[in-house]
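Coordinate inspection notes
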Amino acid sequence: MSTKRNYHFDNIKALLIFLVVFGHLIEPLRDINFFGITYFIIYSFHMPLFIFMAGYFAKPTTKGLMYLFKKFIKFEIIYALVFVVLFATSGGEANVEGSALDLILYALQPIWVLWYLLSLIFWRFLLIAFEKHPVAIGIIIALIIGFNFIPFDFRVLSLGRTLSFFPYFIVGYLAKKHQFDFSRLRHSHTITFYLLCLLVVFWAMYSTQASDELLYGTDSIVSQGTSLLPLAMFKINTYLVAAAATIVILNFVPTTKNTFTAIGQKTLPIFLWHGVFIFFLQRINFFEQIRHFNNILSYIILFILAVLLVLFLKDRKV
């Protein structure tokens, strides 16, 4: 018996995958205030909501984990080859210097977008523990809280993102398990307005000064400096902002099938392949050239480029 397709979630995923691509396209220009604010706004909610939906459709079983692992290894190799070919001979960022330990740690960091596949595997295992072993719940919570106070490079094996984003994953899973009625949120227009105002306040407060690493979940609080209270408050606020943005997006994104629905059904090839094209654009100094344009014109060009990449990559094989 087939399950009825959730077009609302497909439409949300279409929006989010576009923001993923657009966010990565403007990332090299985020030192420019105009792009930096946009970048911060996108990163404050797009992956949390994506991960929420991954949890919504997840099951506490090992089925499908081998498929994910094979995709991770395949694209790890592809990205490594592209990374070396495009950068190693040009004095680019692939030239890593340091001790043998530094090189090993660098090698253990999933290359760019591949952190998501590795974290997704970890989240599935954590979900099994969450469901089958009640004691594990306390351990998982302790890990999520504790990693923020350990001065360790949490890019290794995507540990920081795995722990930072797991709450979104588990909330999505619980929403599906308990059959949460999302229509209750979609009709709360007054609440949506107030939440949107709160989002604007948050973005205005932090968009020009917040740590990208703390927002990504790739760094611990203690690694950011000595002012732990403001950093801890920012970290807590990121969860509240993601929740608020989720409600706002649930209200504004159409619930019926439309032109963009098919894109939301094919997000994985877009997510995995778009980085190769952006690596190529970096190699030919595209982003350095576009800096000389008017900011509005650059914004429009990158927006159109993101649309074209999404349309081109949605039907690629993975």
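Presented here is an overview of the structure given in this document. (Residues numbered from 1 in each chain as written. Predicted model: local features only at pLDDT ≥ 70, side-chain atom pairs only at ≥ 80, totals over all residues. Heavy atoms only, no water.)

Tracing the backbone through its elements, the reader meets Lys74 in helix α4 (residues 65–88). The partly exposed category is assigned to Lys74, whose relative accessible area is 36%. Put simply, Lys74 and Val318 are 244 residues apart on the chain and 8.9 Å apart in space, counted from C-alpha to C-alpha. Separated by 3.2 Å, the side chain of Lys74 and the backbone oxygen of Val318 make a polar contact. (Helix = DSSP H or I, 4+ residues; strand = E, 2+ residues; numbered from the N terminus. Buried < 20%, exposed > 50% of the residue type's maximum accessible area, 1.4 Å probe, protein only. Polar contact = N/O pair within 3.5 Å; in protein donor to acceptor, adjacent residues only side chain to side chain.)

For the structure shown, the criterion picks out 29 aromatic pairs. With 5.9 Å between their ring centres and 90° between their planes, Trp115 and Tyr116 make a pair best called edge-to-face. The class of Trp115 is buried, set by a relative accessible area of 7%. By relative accessible area, Tyr116 is classed as buried at 11%. Ring centres 6.0 Å apart and planes at 10° place the aromatic pair Phe202 and Phe234 in the stacked group. With Phe202 in helix α10 (residues 189–206) and Phe234 in helix α12 (residues 228–252), the pair connects residues that are 32 residues apart, well separated along the chain. There is no split in this pair, since Phe202 and Phe234 are both buried. Grouped by ring-pair contacts, the aromatic residues Trp115, Tyr116, Trp123, Phe165, Phe166, Tyr168, Phe169, Tyr239 and Phe271 constitute a single cluster. In this structure, Arg316 is placed above the aromatic ring of Phe312, and the distance from its NZ or CZ to the ring centre is 4.6 Å. (Phe/Tyr/Trp six-rings, centres within 6.5 Å; stacked < 30°, edge-to-face > 60°. Lys NZ or Arg CZ within 6 Å of the ring centre and 35° of its normal.)

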